[in-house]
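# Remarks on the overall topology
Here is what each chain is made of, one letter per residue.
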Amino acid sequence: MKAIEYIEINNTKLCVSIRTNKLKSPILLYLHGGPGDAALPLVAKYNKDLENIFTVVTLEQRGAGKSYYPFTENENVEIDTFVEDVYVLSTELLKRYNQEKLYLIGHSWGSVLGIKFIKRYPNIVHAYVGCGQVVNMKKSSQIAYDFVLQKNTESKNNKIIAKLKTIDCSYKQESWLNDLLFVTGQVVKYKASLYGKTNYNRFIIDFLFSSDYNLKDLINRQKGSLQSIKYIWQELMNVNFENITEFEVPVIFVQGRGDYHVSSVLVNDYFQNIESEKHFYWFEKSCHFPQWSEPKRFYEVMESILTL
């Protein structure tokens, strides 16, 4: 079964992809990164094998991709808005497929929603998989900044060094958005975001050739990504899960060894302090996107969590 539908969630129609080869398979809900960085074509391509063991549900979050619409000031879009969207969708899916719990993947920004969700609604989650997990945004931003400064210093790129030295990586200054995009671009350039690549062209091509995305969707994906960053980033910078060390569901972290986009070192440190059931997997040939850089291994990890 393959379906793309729009579901009314908290007064907004959101696009949901549902794919499975076995209708009674356990539900796996995928929360994409960003904020606003829709991923439906990438999950459909690189994680297609998961459809053999799960009913794979990919939510295009509000304002993102095929769920794009312009936010307004009086709408008050914040992190909790997205968490509650996930809850409404989850309860609808569980009812529809007559199941009591689902499996949850949160990637990058989606991992912020994932941790908040399993703390708030643990009773409907079998297990949580954090991929490119966010732990402490301020620390992670500093690590990314230090990484690109070091790389440019080694390469003697004096012009870039001078630019970096004007940037405050707390991203509170007036130029925060341009500064954030610049530092992120440098992380990508030095192959610390997408493993072995200095750009995201591979993913762009996947979107262009996806049968699930038309020209309007492609344009809306770009608009939605920028919009969501503008609305959410300042709140996101205050996210810090370091003091949350107990969960009522198993927590699995899947981390690319070379990830400086969102520091994998911070995740490893955090993992050591978690006091409930936990599992950690290093992906050696990945950075920020292990689920797409090493999809076979990712499938094996996901298959293994069915026995937890």
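One can find the structure itself at the top, above this paragraph.
Predicted model, so just to flag it, every value in this text is computed and none were measured. Once a new chain begins, its residue numbering starts again from 1 and follows that chain's sequence as written. In keeping with the model being predicted, local features are shown solely for residues with a pLDDT of at least 70 and side-chain atom pairs are shown and tallied solely at 80 or more, while totals for entire chains, interfaces and linings include all residues. Note: side-chain values were computed over all heavy atoms of the structure, leaving out hydrogens and water.

### Comments concerning the packing of aromatic side chains
Worth spelling out the cut-off: Think of it this way: a Phe, Tyr or Trp ring, Trp meaning its six-membered ring, pairs with another when their centres are within 6.5 Å, and the plane angle makes it stacked under 30 degrees, edge-to-face over 60, tilted otherwise. The helix and strand labels rest on DSSP assignments: H or I over at least four residues marks a helix, E over at least two residues marks a strand, and numbering proceeds from the N terminus. For every residue, the accessible area (1.4 Å probe, protein chains only) is compared with the maximum for its type, and the residue is labelled buried under 20%, exposed over 50%, or partly exposed between those bounds. A ring is considered to have a charge above it if a Lys NZ or an Arg CZ atom is located within 6 Å of its centre and within 35 degrees of its normal.
Tallied over the full model, the rule gives 19 aromatic pairs. Where Phe71 meets Tyr231, the ring centres are 5.2 Å apart and the plane angle is 80°; that geometry is what we call edge-to-face. Linking Phe71 in the loop between strand S4 (55-60) and helix H2 (79-96) with Tyr231 in helix H8 (residues 215-236), this pair joins segments that are 160 residues apart in sequence. The exposure class assigned to Phe71 is buried, which follows from its relative accessible area of 7%. Using a relative accessible area of 29% as the deciding quantity, one classes Tyr231 as partly exposed. For the ring pair Phe271 and Phe280, a centre distance of 5.2 Å and an interplane angle of 65° mean the geometry is edge-to-face. Of the two residues, Phe271 and Phe280, both sit in the buried class. The rings of Tyr30, Tyr46, Tyr200, Phe203, Phe289 and Trp292 are connected pair by pair, giving a single aromatic cluster. The cationic tip of Lys119 hangs over the ring face of Phe247; the distance from NZ or CZ to the ring centre is 5.5 Å. In this structure, Arg221 is placed above the aromatic ring of Phe207, and the distance from its NZ or CZ to the ring centre is 3.8 Å.

### Considerations on the packing of H2 against helix H3 (residues 109-120)
Under the convention used in this document: To obtain each axis, a line is fitted to C-alpha atoms, and for helices this fit is confined to the stretch in contact; angles are then taken between N-to-C directions over 0 to 180 degrees. Under this scheme an angle from 65 to 115 degrees is roughly perpendicular, one under 35 degrees roughly parallel, and one over 145 degrees roughly antiparallel; angles in between are oblique. Left-handed describes a crossing in which the near helix is turned anticlockwise from the far one by less than a right angle; the clockwise case is right-handed. Only heavy atoms matter for contacts: two residues are in contact if any of them lie within 4.5 Å across the pair. Think of it as three bins: nonpolar holds Ala, Val, Leu, Ile, Met, Phe, Trp, Tyr, Cys and Pro, charged holds Asp, Glu, Lys and Arg, and polar takes everything else, Gly as well.
Running from N to C, H2 and H3 cross one another at 65°; their axes reach a closest spacing of 9 Å. Taken as axis vectors, H2 and H3 run roughly perpendicular relative to one another. H3 is crossed by H2, and the crossing has right-handed handedness. The segment H2 lies against H3, with Ile79, Asp80, Phe82, Val83, Glu84, Val86, Tyr87 and Ser90 engaging Trp109, Val112, Leu113, Lys116, Phe117 and Arg120. Tallied by class, the residues present in the contact of H2 with H3 amount to nine nonpolar, one polar and four charged.

### Some points on the pattern of salt bridges
Under the convention used in this document: For salt bridges, the criterion is a side-chain nitrogen of Lys or Arg within 4 Å of an Asp or Glu carboxyl oxygen.
A complete count under the given rule lists 15 salt bridges for this structure. Across the pair Arg221 and Asp37 runs a salt bridge whose closest N-O atoms are separated by 2.6 Å. You can see Arg221 sitting in helix H8 and its partner Asp37 sitting in the loop between strand S3 (27-31) and helix H1 (40-46), a full 184 residues away along the chain. On the basis of relative accessible area, Asp37 is assigned to the partly exposed category, the value being 28%. Notably, a salt bridge pairs Glu84 with Arg120, separated by 2.8 Å at the nearest N-O pair. A residue pair is termed long-range when its members are at least 10 positions apart, and Glu84 in helix H2 and Arg120 in helix H3 qualify at 36 residues. By relative accessible area, Arg120 is classed as partly exposed at 34%. Among the ionic contacts, a cluster of salt bridges with common partners joins Lys2, Arg19 and Asp212.

### Let's talk about the side chain of Thr20
Formally: N or O atoms within 3.5 Å of each other form a polar contact, as long as, within protein, one can give a hydrogen and the other can take it, and as long as residues adjacent in sequence are counted only when both atoms are side-chain atoms.
Turning to its location among the elements, Thr20 is positioned in the loop between strand S2 (12-19) and S3. Overall, Thr20 belongs to the buried group, its relative accessible area being 1%. A polar contact of 2.9 Å, which involves the side chain of Thr20, links it to the backbone oxygen of Lys22. There is a polar contact of 3.0 Å between the side chain of Thr20 and the backbone oxygen of Phe54. Excluding residues that lie within four positions of it along the chain, Thr20 makes contacts with Met1, Ser25, Glu51, Phe54 and Thr55.

### Describing the sheet that holds S3
Through backbone hydrogen bonds, the strands of a sheet pair up, either in parallel or in antiparallel fashion. How we decide: At least two DSSP bridges between two strands are required for those strands to pair.
In spatial order, the strands read S1-S2-S4-S3-S5-S6-S7-S8; together these eight strands make up an open sheet with mixed pairing. The open sheet is flanked by strand S1 (2-9) and strand S8 (278-283), the only strands paired with a single partner. Taken over all neighbouring pairs, the strand axes of this sheet differ in orientation by 20° on average, direction set aside. The strands touched by H3 are S3, strand S5 (102-107), strand S6 (125-131) and strand S7 (251-256); relative to S5, the strand with the most contacts, the crossing angle is about 140°.

### Here's the deal with the pairing of S8
Short version of the rule: If you view a crossover with the strands going away from you and the path from the first strand over the helix to the second runs clockwise, you call it right-handed.
As paired strands, S7 and S8 are joined by six bridges and run parallel to one another. Across the sheet, residue Ile252 finds its bridge partner in S8, namely His279. Crossover connection from S7 via helix H9 (residues 264-273) to parallel S8: handedness right-handed.

### Some thoughts on the pairing of S6
A large share of S6 lies buried, amounting to six of its seven residues. Where S5 lies against S6, six bridges are found, and the strand directions are parallel. Bridging from a neighbouring strand, Gly106 pairs with Gly130 of S6. Handedness of the S5-H3-S6 crossover: right-handed. The pairing of S6 with S7 spans four bridges and is parallel. Within S7, the residue paired with Gly130 across the bridge is Phe253.

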